Amino acid sequence: MYSITICSIELRNWLKNYKKSDLYSFFCYTLIGGFMGLFNKIKNIFKKDNDIENKDENIEIKKDEEIKEDFRDESKEKIVEEIKEPKVDKDSVKIYEKGLTKTRENFVSKLINLTNKYNKITEEYFDELEEILIMADVGVNTVMSFMDRLRDRVKKEKIEDLEYLKEVIVDELFIIYVNDEIISSKINESANPPTVILFVGVNGVGKTTTIAKLASKYHDEGKSVMMIAGDTFRAGATKQLEEWANKTESSFVGYEEGADPAAVVFDGLNKALDEKSDVVLIDTAGRLQNKTNLMKELEKINKVIEKVVPGAPHETILIIDATTGQNGISQAKAFKEITNITGIILTKLDGTAKGGIVLAIKEEVGIPVKFIGLGERKEDLQEFDIEKYIYGLFKDMM
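These lines cover the structure that appears in this document, whether it is placed above or below. As the structure is a computational prediction, the values presented were derived from the model and not from experiment. (Residues numbered from 1 in each chain as written. Predicted model: local features only at pLDDT ≥ 70, side-chain atom pairs only at ≥ 80, totals over all residues. Heavy atoms only, no water.)

## Points about unusual backbone geometry
- Note that the residue after Pro193, namely Pro194, is joined by a cis bond; omega there is 10 degrees.
- Considering the arrangement of structural elements, one finds Pro194 in the loop between helix H9 (162–178) and strand S1 (195–200).
- Residue Pro313 is bonded to the preceding Ala312 through a cis peptide linkage, with omega at 0 degrees.
- Following the sequence through the fold, Pro313 ends up in the loop between helix H13 (291–308) and strand S5 (315–321).
- Its identity as a non-glycine residue notwithstanding, Asp137 has a phi of 70 degrees, on the positive side.
- Relative to the helices and strands, Asp137 is located in the loop between helix H7 (123–135) and helix H8 (140–157). (Helix = DSSP H or I, 4+ residues; strand = E, 2+ residues; numbered from the N terminus.)

Here it is in structure tokens:
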């Protein structure tokens, strides 16, 4: 039932065969509305999904018979593997669906009730829609921009059908996030290990446990991980990270409270080089209330990282607690002033009914979301996928 990722698969297959210039044209064509629309495409996929599952066995038999006719038996196994469609990550889709339940129940139910309330599109409809989006924490600036686009589209396309308007709303929310850009949630991994990832964020956002989940993810992929406790300011931070390092079978470097963070990072990186670690995860202090000191500290740490591992850090990830809502956006703007943030991890998205913050952060801060936390388990930390997010948010409308 969970074939939402077919959209992603189609795009990935397309990417293999086209140039960057074609890719830009493709996105422009797509986002302007040159095809049936994301929502309609997803809806049709799910409408047909049961039939597809029922026919899978017959399709495989048919493929096998065709192979027998055209190829020798000894090459059959290889050919079958090549023509099989990529597997749909159903588990990942389920995690999105479950993790966005609170937002979906709050946001979509209100949207459905709004559609049922009106029999035509009016300014009163737009006003109430605007309020619903703001309550979902999409962000005031983002909502204003969205409403302007929606009004223009309704006017240009002479849209009168409220049911169709729901599809347009989903399309426009998707367009706001993509914004004619090629969005990637992939971590920028170095071709020459180690890949160095620096983590920033205020205390209490789940920074340490997120680092642990990523360490576990890399460990499961067969990569060796080094954790460095660069937060020597918060009491117990080093000990906490060390415990997670033990649980995830990661190497660890950390000193006593009050030690020079840059010195800890220097020693940790050199140990990582000696041990030939694949990935280095560096924790830092999050005392945003003293921005000047934090900026100097991060500048010093970045210089040390560059000196020991030229070209690093390969990612500087800001971790934000999604339950803090608009305060999270303020944090993102503040940290962006202090250091070069390359990506965001949103934690505790399953614990809020305001999951629209994903759209607001990308629109207002211009930094892509790399991962989202949709639960307590390590597998609940998921690479961000806009299509799975849209499905998890609007599933009840399909």
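## Description of the side chain of Lys207
- Locating Lys207 in the fold gives a position in helix H10 (residues 207–220).
- With residues up to four places along the chain from it excluded, the contact list for Lys207 reads Phe199, Val200, Gly201, Val202, Asp231, Asp283, Thr284 and Ile319. (Contact = heavy atoms within 4.5 Å.)

## Some points on the sheet that holds strand S4 (residues 279–284)
- Pairing in this open sheet of eight strands is mixed, and the strands run S3-S2-S4-S1-S5-S6-S7-S8 from one edge to the other. Looking at which strands have only one partner, the edges of the open sheet turn out to be strand S3 (251–253) and strand S8 (381–383). The mean inter-strand angle of the sheet, taken between neighbouring strand axes irrespective of direction, is 20 degrees.
- Where strand S2 (residues 225–230) lies against S4, six bridges are found, and the strand directions are parallel. Bridge pairing links Val225 to Val279 in S4.
- Here H13 sits on the sheet in contact with S1 and S4, set at roughly 175 degrees to S1. (Pairing = 2+ DSSP bridges. Axes fitted to C-alpha atoms, helices over the stretch in contact; angles between N-to-C directions.)

Coordinates in, geometry out; function isn't part of it.
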